[in-house]
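Listed here are the chains, written in short residue letters.
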There are 4 protein chains.
Amino acid sequence: MIIVMRKSATEEQIQLVMKAVTDEGLEPRRLDGVERTVIACIGDERATSAERFEVLEGVDRVMPVLQDYKLASRDGALERTRVPVRDVIIGDREIVVMAGPCSVESEEQIVSTARAVKAAGARILRGGAFKPRTSPYAFQGLAEDGLKLLATAREETGLPIVTEVMDPHNVELVGRYTDMYQIGARNVQNYALLREVGQTRIPVLLKRGMSTTLKEFVFAAEYILAGGNPHVVLCERGIRTFETATRNTLDLNALPVLQEWTHLPVCIDPSHGVGVTRWVPPLARAAVAAGADALMLEVHPDPAHAWSDGAQSLDFEGFAEAMDGIRRVAAAVDRTLPQPVA
Amino acid sequence: MIIVMRKSATEEQIQLVMKAVTDEGLEPRRLDGVERTVIACIGDERATSAERFEVLEGVDRVMPVLQDYKLASRDGALERTRVPVRDVIIGDREIVVMAGPCSVESEEQIVSTARAVKAAGARILRGGAFKPRTSPYAFQGLAEDGLKLLATAREETGLPIVTEVMDPHNVELVGRYTDMYQIGARNVQNYALLREVGQTRIPVLLKRGMSTTLKEFVFAAEYILAGGNPHVVLCERGIRTFETATRNTLDLNALPVLQEWTHLPVCIDPSHGVGVTRWVPPLARAAVAAGADALMLEVHPDPAHAWSDGAQSLDFEGFAEAMDGIRRVAAAVDRTLPQPVA
Amino acid sequence: MIIVMRKSATEEQIQLVMKAVTDEGLEPRRLDGVERTVIACIGDERATSAERFEVLEGVDRVMPVLQDYKLASRDGALERTRVPVRDVIIGDREIVVMAGPCSVESEEQIVSTARAVKAAGARILRGGAFKPRTSPYAFQGLAEDGLKLLATAREETGLPIVTEVMDPHNVELVGRYTDMYQIGARNVQNYALLREVGQTRIPVLLKRGMSTTLKEFVFAAEYILAGGNPHVVLCERGIRTFETATRNTLDLNALPVLQEWTHLPVCIDPSHGVGVTRWVPPLARAAVAAGADALMLEVHPDPAHAWSDGAQSLDFEGFAEAMDGIRRVAAAVDRTLPQPVA
Amino acid sequence: MIIVMRKSATEEQIQLVMKAVTDEGLEPRRLDGVERTVIACIGDERATSAERFEVLEGVDRVMPVLQDYKLASRDGALERTRVPVRDVIIGDREIVVMAGPCSVESEEQIVSTARAVKAAGARILRGGAFKPRTSPYAFQGLAEDGLKLLATAREETGLPIVTEVMDPHNVELVGRYTDMYQIGARNVQNYALLREVGQTRIPVLLKRGMSTTLKEFVFAAEYILAGGNPHVVLCERGIRTFETATRNTLDLNALPVLQEWTHLPVCIDPSHGVGVTRWVPPLARAAVAAGADALMLEVHPDPAHAWSDGAQSLDFEGFAEAMDGIRRVAAAVDRTLPQPVA
């Protein structure tokens, strides 16, 4: 930690700050500059906090040096993490596509979608049974009935499933059905929920919140890892900015940053990231070109009649076409995507 | 709902959209303009959603006309809501100040703070027993021990208490001690939690999230109201913007907007809104000048040694001085603040 | 400047960085921490830049210690600056209200407005002759004819005038008429224009841009000051955020921050800051309560027929009422506002 | 235009609004809904503005239907625009890479860079002679000397050049040397400058501002087109958001949106968009995968000693490697990039 004193700081104030540093178990090193004095603190600053010093008289600013997350950090990690979702591995050379409808609506809908996305090269089926909705009057999901339908689709196709859990009360219930939990953007700092899934060993797809910095996002993953669950995939799904032409602003900068900072695989969700079906395929290709390990895409048999998110869902034909484009780009960056089944 | 067709829309597409409108139980009215056709939908659009139409061929945009929230809306409300917290009423002529430390740390700390803030004119004691922290390694609060200390401070001073609940599992536990729940910014769209406090009749201080639009914020309140709990106070506490000089950007625009849209009282939290102690008093005065019904202020006996948020906490003397300034501004807008006790 | 090395930095990399620091005329001080090495640079860092070191091998981050602006800085200033606009002083105990229409439209419009705002207590007349408009097809202002009408209104009422200059070509022309230049939000980093007004001695009202950080804003003022023109007033007028309920987000946090960082007076423009007439008065009061030295308010004889910004303009009666509220709050913070003339 | 009346609007207010619509030369169509009345206006709404109606009594909201830009709009355009920069065409199947240093520093620097980027497949040389800098004390560019050095590099290599113009006074001067103007992000709404380059027939690379919406961005282009200059290339270079890990947030959503709305070619600048050299290549590949027509990349012989933007500049080897990756992705989306010259 580096403590910058004000120009006007008195000798007495400097002495008090140095004493405070010592009291926190750190070693102060004083640097008298031309205009100001700076105090560098040697030791493990994770044991204290910048706030302790910011409030002292004569202090201008406190600048931390170390990051606080350890388990998610790439420093010290021997290799990148590979997350197993049944027989599918996220974080390998193959790009894993998770596809399916926003909401599970019926057996026919989910089973036909599972078949279609599998045929086009997807490896995991997504579908929501518990839906977070802005309005309490909007459709909130089929709940356990939806989980059962997902399980049926898994039996029919062999695709593992990923589905959202919103409530700590439901972690056990959802865990009885799903192969991977999804934590949605609104819950990225719902620490009770993060802790609860951290107690399981079921893989977690953790979505970045609408205004979560990348640093906060890694800390959210750290909550899960600290609970003992090592199977975390980070998912960028668009952030909230001033722009209103698109639903969100897909932040592909997050890819190289997260891959440099952490050893966790990174997934991109262009469906939420841009929010308009016809703009999804170019951004899916972009995500792969920038190094995504996985993609999440919304697919529905009949988007015009979807119960939610129809405006950003691909139909079966659109999905197959998008996959063809993604496959070509994947090859151009030495990654693979399963071939479609005729 | 207004459906704007593309310039290039065909007659057949227009007919299909009109049919879809009818199928949703609304009455379509066609308007052929110079360049485009617009279809206005007559009826209660709350029964459907814009997405149904956005995905149809030939549709350019869909513009909703009605708001979706009913219980929070000022339309139809006979008068502004007054929220009772024991003997204190939020939403009256008197401005209610809730003050206290970020975290409850010890009996001496919380009791001495309760006495000091009461003497200066505060009516409710705040203090955190469960703390949401970015890092899993930071201090997370004293939990039930903290709740007991708050109850002790209430006995000693008669001040009602407000404290945060983060986990649906703890709603019952916290409710055994507190006079008012606080839902924090990170949980404003934690619907499981909102529903749970909506089942109680304990008043709720609902904080706006860092990137929650005012419309989404009112919808979050609607979740609580829809559960049957009418005692909701909205609290603006700073939003996240590009500016880094301050911790957040306090959005005082929210005051007249929320008071026009809803009948609920509005509280302002300048401590989090600006994040630096010496900048808190001017923004507290501003909040009152703009019409705040309540203020939440962080106060600590010794901010330099606070376990959290010391950098934005007032000490007792600073709080008393701030209250003097607030009291003068309150009078200038025909509101009151209790006199200090010598 | 503080240079933080990566954990993995080699001794050779550290030596090269220390040499680079010496080459820049600074003195390096090495600090070997538990996990990393930090190099503090002693000397005037304004002579170099962080970028020089960020690109060296083994460097993790570079943190500047000093601010780069000197003339605007409160450090070293003997007292707060008072800006004279003819006989009006901005930065004194009296709060200076600048009021008038968005666009100058006709002699009757501007003269009647000047009389009305003067009667209610305004001290400076505002009005646009050159209008920056998003669309090239929108009304762009009356140009020099507008300036002449402003001069007429000044003759009739004695009020000094402030009007926008957008084009370096017009600085001389506008300067022949106006008592104070306004630099609009879109031009806050139009350095050619800043330099040009910096060459004059006409006072400048500099508006913050929609996404200008406070630090960048002070640097923009520094361009004018560095040209030799000491008469700068900073004006916050709302920033661009994710919120769409209001035209902009008025950032009143800027008041205490700018007043701590600089010695320049600060003006607030709630008309643009919130964008809806009926929400302007509470935010004007808030600005005064938080310490504004001046206010800029849009006033029009008939907002429903204004050529621009009608939706945020007060009519004469609304303005007089707003001034009454502002006057009471001003008194509550020991400031004054001229009494209305019957 | 659609005018939504308040629920509480009286018959008289409705009649007055309908009259105002007629007065503006539009035809009002009244729609009495279950809860509210809506008035649709038939005719060319470009002749009026929403503000005219927003201020009328009883009006809740006004929603425009038509876009205001005509020349930039894809509606009505026969085909996508191809912008010729000497013998290079932007907007064809070939992806045009513009590369070079942030600032022109010396003949050796610019000529060696021109040779290196040409050898690796770039088609246009970039380099700044007039630099917009946040601080007035930072290096501001070599001015005309820099332009001469660019011209020398063009002679040596045959590469056309693009360079920034910041000041309307310099449009003629810069035009004597350059093959393409660059308008920087800070000047995207500097209308005096846009008009001035609109009077020439020299192609313009127009950069999006840090907080410019895509709609405003297209309007800025419309200023140039309306002046008679049809040669405009739009350039996304990162927007300002809450995220601080990267210099800006590169908004690749802009690509499909701008290509749908307009007929103009779109360029992406990942150097400014992410701001850290090692993160530039993946985002350059992403831009191409999403459909970019051109890329702008910062390249410097020795980034560690660059006078500006060293932290985001590629060296010659890094650039050649990045181009190899871009070339492969280009092929995967049926675009081309010139082969490197051994």
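Residues numbered from 1 in each chain as written. Chains lettered and ligands numbered in written order. Predicted model: local features only at pLDDT ≥ 70, side-chain atom pairs only at ≥ 80, totals over all residues. Heavy atoms only, no water.

Draft legend 1. Quick peek at the overall build of chain A. Each helix and strand in chain A was counted, giving eleven helices and 14 strands. Across its three principal directions, the C-alpha atoms of chain A cover 80 × 45 × 40 Å. Long-range contacts, defined here as pairs at least 24 residues apart, represent 68% of the contacts in chain A between residues at least 6 apart. Taken as a whole, chain A presents about 11,400 Å² of accessible surface, with 48% of it coming from carbon and sulfur. (Helix = DSSP H or I, 4+ residues; strand = E, 2+ residues; numbered from the N terminus. Contact = heavy atoms within 4.5 Å. Areas by Shrake-Rupley, 256 points an atom, 1.4 Å probe, with all protein chains shown as cover.)

Draft legend 2. Here's a closer look at the relation of the copies chain B and chain A. Expressed as a screw transformation, the operator carrying chain B onto chain A has a rotation angle of 180° and an axial translation of 0.0 Å, and the superposed copies differ by an RMSD of 0.1 Å. The transformation just described matches what one would write down for a two-fold rotation axis. Residue Ser211(B) of chain B places its C-alpha closer to the rotation axis than any other residue of that unit, at 2.9 Å. Same-surface contact between copies: 100% of interface residues of chain B are shared with the interface of chain A. (Least-squares fit on C-alpha atoms with pLDDT ≥ 70 in both.)

Draft legend 3. Spotlight on the interface of chain C and chain A. Taken together, the contact between chain C and chain A spans 26 residues of the former and 26 residues of the latter. Overall, the association of chain C and chain A removes approximately 2,100 Å² of surface from exposure, summing both partners, and the carbon and sulfur fraction of that is 64%. The tally of links between chain C and chain A comes to zero salt bridges. Considered class by class, the residues forming the side of chain C that touches chain A number twelve nonpolar, four polar and ten charged. (Buried area = accessible area lost by both parts, 1.4 Å probe. Salt bridge = Lys/Arg side-chain N within 4 Å of Asp/Glu carboxyl O. Nonpolar A, V, L, I, M, F, W, Y, C, P; charged D, E, K, R; others polar.)

Draft legend 4. Representation of the relation of the copies chain C and chain A within the structure. Least-squares fitting of chain C to chain A yields an RMSD of 0.1 Å, with the transformation described by 0.1 Å of translation along the axis and a rotation of 180°. An overlap of 96% is found between the interface residues of chain C and their copies at the interface of chain A, pointing to a shared contact surface.

Draft legend 5. Molecular detail of the environment of Leu150(D). Residue and element names in this part refer to chain D. For Leu150, the location among the structural elements is in helix 4 (residues 144–157). Judged by its relative accessible area of 0%, Leu150 is buried. Sequence separation between Leu150 and Ile202 is 52 residues; the distance between their C-alpha atoms is 16 Å. Leaving out residues up to four positions away in the same chain, Leu150 has contacts with Val104, Ile110, Leu125, Gly127, Ile161 and Thr163. (Buried < 20%, exposed > 50% of the residue type's maximum accessible area, 1.4 Å probe, protein only.)

Draft legend 6. Representation of the pattern of salt bridges. This structure, assessed with the given rule, holds 88 salt bridges over all chains. Of the charged contacts, one joins Glu172(B) and Arg176(B) as a salt bridge, the two residues approaching to 3.0 Å between their closest N and O atoms. Of the two residues, Glu172(B) and Arg176(B) both sit in helix 5 (residues 171–177), four residues apart, roughly one turn of that helix. Arg176(B) carries the same exposure label as Glu172(B), and that label is exposed. Across the pair Glu11(C) and Arg30(C) runs a salt bridge, and its minimum N-O distance is 2.9 Å. Of this pair, Glu11(C) sits in helix 1 (residues 11–23) while Arg30(C) sits in strand 2 (residues 27–32), and the two are 19 residues apart along the sequence. For Arg30(C), a relative accessible area of 29% corresponds to the partly exposed category.

Draft legend 7. Inspection of the packing of aromatic side chains at higher detail. Inspection of every chain in the model, using the stated rule, returns eight aromatic pairs over all chains. For the ring pair Tyr191(C) and Tyr223(C), a centre distance of 4.3 Å and an interplane angle of 15° mean the geometry is stacked. Of this pair, Tyr191(C) sits in helix 6 (residues 191–198) while Tyr223(C) sits in helix 7 (residues 214–226); the two residues are 32 residues apart in sequence, bridging distant segments of the chain. A relative accessible area of 2% means that Tyr191(C) is categorised as buried. An angle of 90° between the planes, with centres 4.9 Å apart, marks the rings of Phe139(D) and Trp307(D) as edge-to-face. Residue Phe139(D) is found in the loop between strand 8 (124–126) and helix 4, and its partner Trp307(D) is found in the loop between strand 14 (294–298) and helix 11 (316–332); the two are separated by 168 residues along the sequence. Under the relative-accessibility criterion, Phe139(D) is labelled partly exposed at 25%. (Phe/Tyr/Trp six-rings, centres within 6.5 Å; stacked < 30°, edge-to-face > 60°.)

Draft legend 8. Region of interest: the sheet that holds strand 4 (residues 59–63) of chain B. Residue and element names in this part refer to chain B. Pairing is antiparallel across the open sheet formed by four strands, whose spatial order is 2-3-1-4. The outermost strands of the open sheet, each flanked by one partner alone, are strand 2 (27–32) and strand 4. Averaged over all neighbouring strand pairs, the angle between strand axes comes to 20°, with direction disregarded. Bridge count for strand 1 (residues 2–5) against strand 4 is four bridges, and the pairing is antiparallel. For Met5, the partnering residue across the bridge sits in strand 4 and is Val59. Packing of helix 1 (residues 11–23) onto the sheet brings it into contact with strand 1, strand 2, strand 3 (37–42) and strand 4, and relative to strand 2 it is tilted by some 150°. (Pairing = 2+ DSSP bridges. Axes fitted to C-alpha atoms, helices over the stretch in contact; angles between N-to-C directions.)

Draft legend 9. Representation of a negative patch on the surface. Taken together, the side chains of Asp302(A), Asp315(A), Glu317(A) and Glu321(A) make up a negatively charged region of the molecular surface. Tracing the chain through its elements places Glu317(A) in helix 11 (residues 316–332). (Patch = residues over 30% accessible without salt bridge, like charges linked within 9 Å, V, L, I, M, F, W, Y side chains within 5 Å. Lys, Arg positive; Asp, Glu negative; His and termini not counted. Charge placed at Lys NZ, Arg CZ, Asp CG, Glu CD.)

Draft legend 10. Representation of unusual backbone geometry. All names here are of chain C. Here Asp309, not a glycine, exhibits a phi torsion of approximately 60°, which is positive. Along the chain, the position of Asp309 falls in the loop between strand 14 (294–298) and helix 11 (316–332). Judged by its relative accessible area of 8%, Asp309 is buried.

Draft legend 11. Spatial organisation of the state of the cysteines. Residue and element names in this part refer to chain A. The final tally for this structure, using the stated rule, is zero disulfides over all chains. No disulfide involves Cys267; its sulfur sits 3.9 Å from that of Cys235, the nearest cysteine. For Cys267, a relative accessible area of 0% gives the class buried. (Disulfide = S-S within 2.5 Å.)

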